[in-house]
Amino acid sequence: MGGGVGEGRVPGAGRPAEGLQPRGRRQGGRTPAGLSHRSGRSGPGGRSRARRLAGASTLFKVTGEAGQRWPGPGGRELASSSVLPAPPGRSSGRSVLRSGADVAQQFQYAVRVIGSNFAPTVERDEFLVAEKIKKELIRQRREADAALFSELHRKLHSQGVLKNKWSILYLLLSLSEDPRKQPNKVSSYAALFAQALPRDAHSTPYYYARPQTLPLNYQDRGTQSAQSSGSVGSSGISSIGVYALNGPTPPPQSLLPGQPHHTPGVGDCLRQQLGSRLAWTLTANQPSSQTTTSKGLPNTVSRNVTRPRREGDASGAGEVTEAALVRDIVYVFQGIDGKHVKMDSVENRYKVEAKANLSKSLRDTTVRLAELGWLHNKIRKYTDQRSLDRSFGLVGQSFCAALHQELKEYYRLLSVLHSQLQLEDDQGVNLGLESSLTLRRLLVWTYDPKIRLKTLAALVDHCQGRKGGELASAVHAYTKTGDPYVRSLVQHILSLVSHPVLSFLYRWIYDGELEDTYHEFFVASDPAVKTDRLWQDKYTLRRSMIPSFITMDQSRKVLLIGKSINFLHQVCHDQTPTTKMIAVTKSADSPQDAADLFTDLENAFRGKIDAAYFETSKYLLDVLNKKYSLLDHMQAVRRYLLLGQGDFIRHLMDLLKPELVRPATTLYQHNLTGILETAVRATNAQFDSPEILKRLDVRLLEVSPGDTGWDVFSLDYHVDGPIATVFTRECMSHYLRVFNFLWRAKRMEYILTDIRKGHMCNAKLLRNMPEFSGVLHHCHILASEMVHFIHQMQYYITFEVLECSWDELWNKVQQAQDLDHIIAAHEVFLDTIISRCLLDADSRALLNQLRAVFDQIIELQNTQDAIYRAALEELQRRLQFEEKKKQNEVEGRWGVTAAEEEEENRRIQEFRESIPKMCSQLRILAHFYQGVVQQFLVLLTTSSDESLRFLSFRLDFNEHYEAREPRLRVSLGSRGRRGSHA
């Protein structure tokens, strides 16, 4: 009995009534030899009444004095203050007994108190008791003492000198209570016995054997029960003093239900001796009959219903009691089948046995409560399966840990319910008490846990088959709810689940390290990719793993931050610490940090990402521009590969002309390289950086049969290191295609310049051949037509395509925030010039027609060269003939003989006869050229590119071709509309 039964120590109920014996066999039924069943009748042996009275007095005296030196647990003795209180109805245990019935009554009471079970209804939680003490100090406005107590308790807990800290703190809390304070009526059974002793603090076993020397009239118990309590016996404490030695005696008025309490009686006496809590239990039946329970029935009626045994023994034949259902439900809450409520594997739900005799309301209530067990099983099955799956990853394990944490809180509730259930079993508390477990109370108490379990079960369903960032997105989707209770729960789980994701993220953006063993992070790495393709191919986004609370723009920035750090270290060989690039801020070191971060996703989280992104990208661009001269290389490519350096290109063509007119198979690259170096030294190209000039080189394309040097020659620009990230192999191949196109167009301009130069030079020489003037006129007209075409094409290519696109590229590069912006702008630039230079797949027909035009220009050059050779040869012969004639006249001879003159006239006649043939060749060439140009203009007018449609207008500004081609006889506006419809 630990601390005795004094003030503040409330014993539990003694031996339960007849119908509430929880365990052990019933004692009694056998009357000792010295006592009789009937009052006033002598037993065997003829003992007198005085002798019986003396024996009973001796028994009572023994029990009454036992409290002074009663052995406690482990041989300890109780303090003298733990004297047992006087039995009900007597002012003192040492008063003279008036009858043997009083002696038996007092003895029965003493045995009940001694055999009480002192079990705590609170956990032995040291910190819980400490919190209660601090709250009490704060309630008394002693905050300084509360802080001092907290510090002392922390030091005490860290030293580990004492083993039973809980007992000491509990003693301090008990001593702090004011015994003079009138207790309020408790509202729960747990609060009623909150000050009980530990379960092992009893001197006698709870299931004691009733002394065989005590005669009790058990045969009349049923009568008494029918008179006082209906069909149920009361608890052990509330039945004290009801039974006497020779039969039932009238209970005190204070103990009869429904009777008002007018005079101080047993209740007041016990309130002073046993303490407030035990006294309340003895006077709990005093309220008037007008007081009703929550079900609308009078308290006297509800209290007079027998509470059966928790093991489910029914008082009626085949009827399942609510008490049995409550016990089953508590087990079902844990996923364990009860006696009457079991899992139906077919329907996958808990069902009450069909043979159970239950009312519809109890059955429905039981099924509703059993849903918690089904939800618990669903969550537990998921955690059990996934907890051992290592491939589930850190995010999945965090999710399982969060579920385990919620289940732990759920188990704490179940432990409280189970302890309350066990306490009611041990104490035999009636169903009518306000805090006793009933199905309806369980419905109320499990309302919030049911919502939590439903939310967790929904999360489990939604997260099936997901892992990593996808799992975090699934959890985050449930935060978008209007229920603040559910939202707070999901946000707590999300803070745990997203902690690994944020750890991956911060390690990636601050260190450039990616340790994603189970592929949970939204940044993926391909270890097979080499360094030269690091920026393009090594790191990519797993779009399915991007958490929904991270936008696509933020995820792209996260990818660029880590990629920039690795690019600097591995490609640029820049080993600058990350701390010098980025002002590293505090990362999410714990789930609480992650939770704090989620509360301000729009500001704090985005601010961290943006700061790291801008600082890292700026540092990378500075390294590329200052250390590797990225912008200088871009301008060099523009000048040399896109023919922007005009003086250099013209001089190079002049130097290369003798070499390139030869067949392609006779060219040698070292000869061409020497010519290139000569062109560089002779022009403004010599002032470029040596780093740029050493990258400029000559390249010969694949030779086809019949190709000349003009067809295979190309300039090349070597790139490597970080610059190759912008000028990739694909980009350089595009530059090569554009260079060949521009080189051919520039060659056409060069040829036409030579043609015009030939016209100017030969016009004066052939002035003495008037018959040849028609041929010269045809050549001049056709060459002028071609010059107009080439000039318009060159204007279009140079200004509308190259210059405009380059200006856009340069502006974008100057405004670029990261390397990806530069790469994207450069790719757009290349795509634009390729498409507008008719080099893409959609413009293949236009390109073929344009090449046909170029071929006609070359054909005109060849035809005109042949005509000029023939004309010059004829002119040379005529001049020689005239010179010979003058020479002969000077020598005094005839200028020519008849035969010579006849021969000269015949030759001149043959030449004159060849002139119509020459004119015919030129007319055929002009006709074919005009047909090609007309077809080219038709394709231009149907192009979707507006600039190409305007080019067609400039090429046919005087409607020369429109008069010959009906398809061109539409207005400019109609051309645009037709192109848009096409």
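Residues numbered from 1 in each chain as written. Predicted model: local features only at pLDDT ≥ 70, side-chain atom pairs only at ≥ 80, totals over all residues. Heavy atoms only, no water.

Per an unreviewed UniProt entry, the recorded name for the protein is Gamma-tubulin complex component 3 isoform X2, and the organism is Panthera pardus. UniProt annotates the protein under Subcellular location (unreviewed entry) with the comment "Cytoplasm, Cytoskeleton, Microtubule organizing center, Centrosome". (UniProt positions renumbered as here; feature names shortened; annotations may be inferred.)

In terms of helices and strands, the protein carries 35 helices and eight strands. The long-range fraction of contacts in the protein, counting pairs at least 24 apart against all pairs at least 6 apart in sequence, stands at 72%. With an accessible surface of roughly 49000 Å², the protein has 52% of that area assigned to carbon and sulfur atoms. (Helix = DSSP H or I, 4+ residues; strand = E, 2+ residues; numbered from the N terminus. Contact = heavy atoms within 4.5 Å. Areas by Shrake-Rupley, 256 points an atom, 1.4 Å probe, with all protein chains shown as cover.)

Moving on: the environment of Asn762. Along the polypeptide, Asn762 turns up in helix H29 (residues 729–765). Residue classification places Asn762 among the buried positions, given a relative accessible area of 10%. Here the alpha-carbon distance between Asn762 and Leu872, two residues 110 residues apart in the chain, equals 8.5 Å. When residues no more than four places from it in sequence are discounted, the contact partners of Asn762 are Tyr868 and Leu872. (Buried < 20%, exposed > 50% of the residue type's maximum accessible area, 1.4 Å probe, protein only.)

Asp654 marks where helix H24 (residues 646–660) bends most, by close to 35 degrees; the proline Pro658 follows one to four residues later. Looking only at H24, the buried set comprises Phe648, Ile649, Leu652, Met653, Leu656 and Leu660. Residues of H24 that are buried sit in contact with helix H23 (630–640), helix H25 (669–682), strand S7 (696–700), helix H27 (709–712), strand S8 (713–717) and H29. (Bend = angle between axes of the 7 residues up to and from the residue.)

A cluster of nonpolar side chains, contributed by Val161, Leu162, Ile168, Leu171, Leu172 and Leu175, occupies part of the molecular surface with about 540 Å² of accessible area. Position of Val161 among the secondary structure elements: in the loop between helix H4 (143–159) and helix H5 (165–175). The class of Val161 is exposed, set by a relative accessible area of 62%. (Patch = residues over 30% accessible without salt bridge, like charges linked within 9 Å, V, L, I, M, F, W, Y side chains within 5 Å. Salt bridge = Lys/Arg side-chain N within 4 Å of Asp/Glu carboxyl O.)

Positionally, Thr683 belongs in the loop between H25 and helix H26 (690–693). The residues touching Thr683, leaving out its near neighbours within four places in the chain, are Asp647, Phe648 and His651.

Below, the discussion takes up the pairing of S8. Most of S8 is tucked away: five of the five residues are buried. Residues Phe713, Leu715 and Tyr717 of S8 are buried on one face, and the alternating residues Ser714 and Asp716, pointing to the opposite face, are buried as well. The sheet contact formed by S7 and S8 spans five bridges and is antiparallel. Each residue of the ladder has a partner; that of Leu700, found in S8, is Phe713. (Pairing = 2+ DSSP bridges.)

Bringing the UniProt feature "coiled-coil region" (unreviewed entry) in the protein into the picture now. Feature annotation in UniProt places "coiled-coil region" (unreviewed entry) on residues 865–892, given in this structure's numbering. Its end C-alpha atoms 40 Å apart, residues 865–892 is made of 93% helix and 0% strand.

This paragraph deals with the pattern of salt bridges. Under the counting rule described, the total for this entry stands at 45 salt bridges. A salt bridge links Glu151 to Arg154, with the nearest nitrogen and oxygen atoms 2.5 Å apart. You can see Glu151 and its partner Arg154 sitting in helix H4, three residues apart, about one turn around the helix. Here Glu874 makes a salt bridge to Arg907, at a shortest N to O gap of 2.7 Å. You can see Glu874 sitting in helix H32 (residues 844–890) and its partner Arg907 sitting in helix H33 (residues 898–941), a full 33 residues away along the chain. Several salt bridges converge on common partners, so that one network encompasses Glu771, Glu874, Arg878, Glu904 and Arg907.

Running from amino to carboxyl end, H32 crosses H33 at an angle of 165 degrees, the nearest separation of the two axes being 10 Å. By the criterion of interaxial angle, the relationship of H32 to H33 is roughly antiparallel. Where H32 crosses over H33, the handedness of that crossing is left-handed. The residue inventory of the contact of H32 with H33, partitioned by class, reads 22 nonpolar, five polar and 10 charged. (Axes fitted to C-alpha atoms, helices over the stretch in contact; angles between N-to-C directions. Parallel < 35°, antiparallel > 145°, perpendicular 65-115°, else oblique. Left-handed = near helix turned anticlockwise from the far one by under 90°. Nonpolar A, V, L, I, M, F, W, Y, C, P; charged D, E, K, R; others polar.)

Take the packing of aromatic side chains next. Under the defined criterion, the tally for this structure stands at 20 aromatic pairs. Judged by centre distance (5.0 Å) and plane angle (25 degrees), the rings of Trp166 and Tyr170 are stacked. Here Tyr170 and Trp166 lie together in helix H5, a separation of four residues that amounts to about one turn. Here Trp166 matches Tyr170 in class, with each residue buried. Plain terms: the ring middles of Trp710 and Trp743 are 6.0 Å apart, the flat faces sit at 35 degrees to each other, and that makes the pair tilted. Here Trp710 is found in helix H27, whereas its partner Trp743 is found in helix H29, with 33 residues between them in sequence. Exposure remark for Trp743: the relative accessible area of 2% places this residue in the buried category. Cluster of aromatic residues (ring-pair linked, three or more members): Trp710, Phe713, Phe739 and Trp743. Arg386 extends its terminal NZ or CZ atom over the ring of Phe392, reaching a point 4.5 Å from the ring centre. Over the ring of Tyr539 we find Lys538; its NZ or CZ atom is 5.8 Å from the centre of that ring. (Phe/Tyr/Trp six-rings, centres within 6.5 Å; stacked < 30°, edge-to-face > 60°. Lys NZ or Arg CZ within 6 Å of the ring centre and 35° of its normal.)

Looking at the protein as a whole, its pLDDT mean stands at 75, while 70% of the residues score no less than 70. Across residues 183–317, confidence stays below pLDDT 50; counting only partners more than four residues off in sequence or on other chains, it has 289 contacts. (pLDDT = per-residue confidence, 0-100.)

Quick look at the packing of helix H30 (residues 773–815) against H33 now. Where H30 meets H33, the axes come as close as 9 Å, and the angle between the chain directions of the two elements is 20 degrees. Between H30 and H33, the angle is such that the two are roughly parallel. Between H30 and H33 lies a crossing of left-handed hand. Contacts between H30 and H33 pair Gly774, Val775, His778, Cys779, Leu782, Glu785, Met786, Phe789 and Met793 from the former with Ile915, Met918, Cys919, Leu922, Arg923, Leu925, Ala926, Tyr929, Gln930, Val933 and Phe936 from the latter. Looking at the contact of H30 with H33 residue by residue, the classes come out as 15 nonpolar, three polar and two charged.

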